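Coordinate analysis (summary)
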Amino acid sequence: MTVTHVQLVSVPVSDQDRARDFYVDVLGFDLIWDNPMGPGGRWVQVAPKGAATALTLVTWFPTMPPGSLKGLVLETDDLDGDVAALRARGVAFADGGIQTAPWGRYATFDDPDGNGIVLQSTRV
């Protein structure tokens, strides 16, 4: 095997504009692509600044209904600051916010379609 990294993760959404706005305006991701793709399709790709892996916001996989992705993990160096900033932007966190586990700290929330995201800091 010569696999070097994960390039893309498909996130199933119902509205690509709404999802793009959430990932770019709320989470602060870069918009990599927003281009037509085939008849009536569209390729929307976002990524955290400087990340090797990007997300593509998809509407065309019948086996991936919007909101069916759970456990997308995003790493942060400032969990407290990021949670505060996201709360200020209207993001609601599950379980009251930041949780502590033996491996680090984390907070969970959903994107507008209900895809489950974990924001974590593994640095103790």
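If you're wondering where the values come from, they're calculated on a predicted model, not measured in any experiment. (Residues numbered from 1 in each chain as written. Predicted model: local features only at pLDDT ≥ 70, side-chain atom pairs only at ≥ 80, totals over all residues. Heavy atoms only, no water.)

Strand order in the open sheet formed by four strands is E5-E8-E7-E6, and the pairing between neighbours is mixed. Each end of this open sheet is capped by a strand with a single partner; those strands are strand E5 (72–75) and strand E6 (99–101). Pairs of neighbouring strands in the sheet enclose a mean axial angle of 30°, with direction left out of account. Of the pairings in the sheet, the one linking strand E7 (residues 104–110) to strand E8 (residues 116–121) comprises six bridges and is antiparallel in character. Bridge pairing links Arg-105 to Ser-121 in E8. (Pairing = 2+ DSSP bridges. Helix = DSSP H or I, 4+ residues; strand = E, 2+ residues; numbered from the N terminus. Axes fitted to C-alpha atoms, helices over the stretch in contact; angles between N-to-C directions.)

Attention now goes to the environment of Trp-43. Its location among the elements puts Trp-43 in strand E3 (residues 42–47). Given a relative accessible area of 24%, Trp-43 falls into the partly exposed group. Between the C-alpha atoms of Trp-43 and Gly-114, which are 71 residues apart in sequence, the distance is 20 Å. Once you skip the residues sitting within four places of it in the chain, Trp-43 turns out to touch Leu-8, Trp-33, Asp-34, Asn-35, Met-37, Thr-56 and Trp-60. A distance of 2.9 Å separates the side chain of Trp-43 from the side chain of Gln-45, its partner in a polar contact. (Buried < 20%, exposed > 50% of the residue type's maximum accessible area, 1.4 Å probe, protein only. Contact = heavy atoms within 4.5 Å. Polar contact = N/O pair within 3.5 Å; in protein donor to acceptor, adjacent residues only side chain to side chain.)

Another point: the packing of aromatic side chains. The full count for this structure, using the stated rule, is six aromatic pairs. Centre to centre, the rings of Phe-22 and Tyr-23 are 5.3 Å apart; their planes meet at 85°, and the pair counts as edge-to-face. Ring centres of Trp-60 and Phe-61 lie 5.9 Å apart, and the angle between their planes is 55°; on these two criteria the pair is classed as tilted. The partly exposed category is assigned to Trp-60, whose relative accessible area is 28%. Overall, the relative accessible area of 35% leaves Phe-61 in the partly exposed class. Counting every residue linked through ring pairs, the aromatic cluster contains Phe-22, Tyr-23 and Phe-29. (Phe/Tyr/Trp six-rings, centres within 6.5 Å; stacked < 30°, edge-to-face > 60°.)

Inspection of every chain in the model, using the stated rule, returns eight salt bridges. A salt bridge links Arg-42 to Asp-17; the shortest N-O distance between them is 2.7 Å. Here the residue Arg-42 occupies a position in strand E3, and Asp-17 occupies one in helix H1 (residues 16–26), the gap between them amounting to 25 residues. One salt bridge in this structure joins Arg-20 and Asp-21, with 3.1 Å as the shortest N-O distance. Overall, Arg-20 belongs to the buried group, its relative accessible area being 19%. Relative accessible area serves as the criterion here: at 33%, Asp-21 is assigned to the partly exposed category. What emerges from the salt-bridge pattern is a single network uniting Asp-17, Arg-20, Asp-21, Asp-34 and Arg-42. (Salt bridge = Lys/Arg side-chain N within 4 Å of Asp/Glu carboxyl O.)

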